[in-house]
Amino acid sequence: MKQNDRIPGAVIRRERLARGIEQKALCRGICVPSYLSKIERGGAIPNEELLAALYGRLGLPVLDAAARERAGALIDEGYRQVLYGLELSQTLEELAALGEGLAYADCSADWLILKGWRGEDTLEGLMAMEDCLDEERRNWLELLRWRFGRGSDMARLRSACLALGNSLALNAWVFACYRASDYAAVLRMEDRLTAQALEEGNTFQLAEYFILKGSAYSCLFLEDMMMLYYHRAINLLQNTGWQESLDDLYYNIGATQLNFGRFDEAERWLDRALSMAEDPLLLHKRALINIRRGDVERGREYLAAMRARLGEDGGGKESDWLRAEEAQAPTPVSQGAGIPAQDFRTVGKNHRLSAV
């Protein structure tokens, strides 16, 4: 990704104001105040010598040419890893090792975007330089606003996702539609998203879409179509490193089978979710299977294990505690597979979806 040359101007303005320095004082002997004003507004790009002088007066570190080149290569690799669902930690560690100057470099916005996508809330830093972001980075910022639930609306999110156009962004839009219970919009995206994922050779995002589409069919009570797309996702993800997505999928299928009262089938799918063996939601489903089979004592053992896990995880969510309480007096088995989305990670009482 090309560097955003307007970022240093935003950095200078932010740091100057934080120190209470007037433009005339900062640029005295370096440039005229009107030119500094243009730099700060993104209307002029300073050369390396001028930038080093302004940064030096503010006491800010500057990456040398070799470090900037290395940072650019790592940033490109980080975006690739995000797009293809690959582990990002090592790349971020190598970026951090470049030193404090990275926070003030022209790639600083990209660094914040990548850290944000991994889960760190970097929105404040990005929004502080929003006026100097180019269109592509503004679109990434919009995705992060949505991801963290910080002021993004559907119209802006749709515009950002379609403008970025990669399969990750398209899946983000599909996921937003799913959460809004707009299942028709989820189904309509298949041709565009599949074509984009195939063009990228992006197995992960294609599988993520199939999971979303299968879950949408579940909410429409179309079990056969749900299983068709879930199996497509399984075929793409099996024998890969994306075990968490696979286990979420096995959990979804097991929870749906439980919803239909097919306890043996539900147990078979839940057994495949190896990484979720101690997950409170999976323990909840195992409790329900045993209670509804009539083995109440065994079911209570799973509920006790679920409560213990919720306590270990810092108290758990209120909805998970309610599930544990409701399981003590279960209602008759539902005849519908689909329940609308309730939060970012867990869908209704049954489904889990990866954070796109």
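Please read these numbers as outputs of a predicted model, since none were measured by experiment.

Peer 1: It is not clear to me how the side chain of Ser215 should be interpreted in this structure. Could you clarify?
Peer 2: Topologically, Ser215 is positioned in helix α14 (residues 203-219). One polar contact links Ser215 to Tyr230, side chain to side chain, over a distance of 2.7 Å.

Peer 1: Quick question: what am I supposed to make of unusual backbone geometry here?
Peer 2: Glycine aside, negative phi is the norm for most residues, and most peptide bonds take the trans geometry. Residues other than glycine seldom take positive phi values, yet Ser181 does so here, at roughly 65°. Following the sequence through the fold, Ser181 ends up in the loop between α11 (167-179) and α12 (183-188). Classification of Ser181 by relative accessible area gives partly exposed; the value is 34%. Even without glycine at this site, Phe221 takes up a positive phi of about 65°. Tracing the backbone through its elements, the reader meets Phe221 in the loop between α14 and α15 (223-237).

Peer 1: How do you make sense of helix α18 (residues 280-293) when you look at a structure like this?
Peer 2: In this model α18 runs 20 Å from its N-terminal to its C-terminal C-alpha over 14 residues, within 8% of the 20 Å that 1.5 Å per residue would give. For α18, a buried count of twelve out of 14 residues is recorded, marking the element as mostly surrounded by other parts of the structure. Every buried residue of α18 is accounted for by Pro280, Leu281, Leu282, Leu283, His284, Lys285, Arg286, Ala287, Leu288, Ile289, Asn290 and Ile291. If you check the start of α18, you find a side-chain oxygen 2.8 Å away from the backbone N of Leu281, and it comes from Asp279. With its phi angle positive at about 110°, Gly294 sits one or two positions after the end of α18.

Peer 1: So what exactly am I meant to see when it comes to the pattern of salt bridges here?
Peer 2: Close approach of charged atoms allows side chains of opposite charge to pair. Applying the stated criterion across every chain, the model contains 22 salt bridges. Among the ionic pairs, Glu15 bridges to Arg14, the shortest N-O distance being 3.1 Å. For Glu15, a relative accessible area of 12% gives the class buried. Relative accessible area serves as the criterion here: at 29%, Arg14 is assigned to the partly exposed category. The salt bridge partner of Asp153 is Arg156, with a shortest N-O separation of 3.2 Å.

Conventions used here
- Residues numbered from 1 in each chain as written.
- Predicted model: local features only at pLDDT ≥ 70, side-chain atom pairs only at ≥ 80, totals over all residues.
- Heavy atoms only, no water.
- Helix = DSSP H or I, 4+ residues; strand = E, 2+ residues; numbered from the N terminus.
- Polar contact = N/O pair within 3.5 Å; in protein donor to acceptor, adjacent residues only side chain to side chain.
- Buried < 20%, exposed > 50% of the residue type's maximum accessible area, 1.4 Å probe, protein only.
- Expected span 1.5 Å × (residues − 1).
- Salt bridge = Lys/Arg side-chain N within 4 Å of Asp/Glu carboxyl O.

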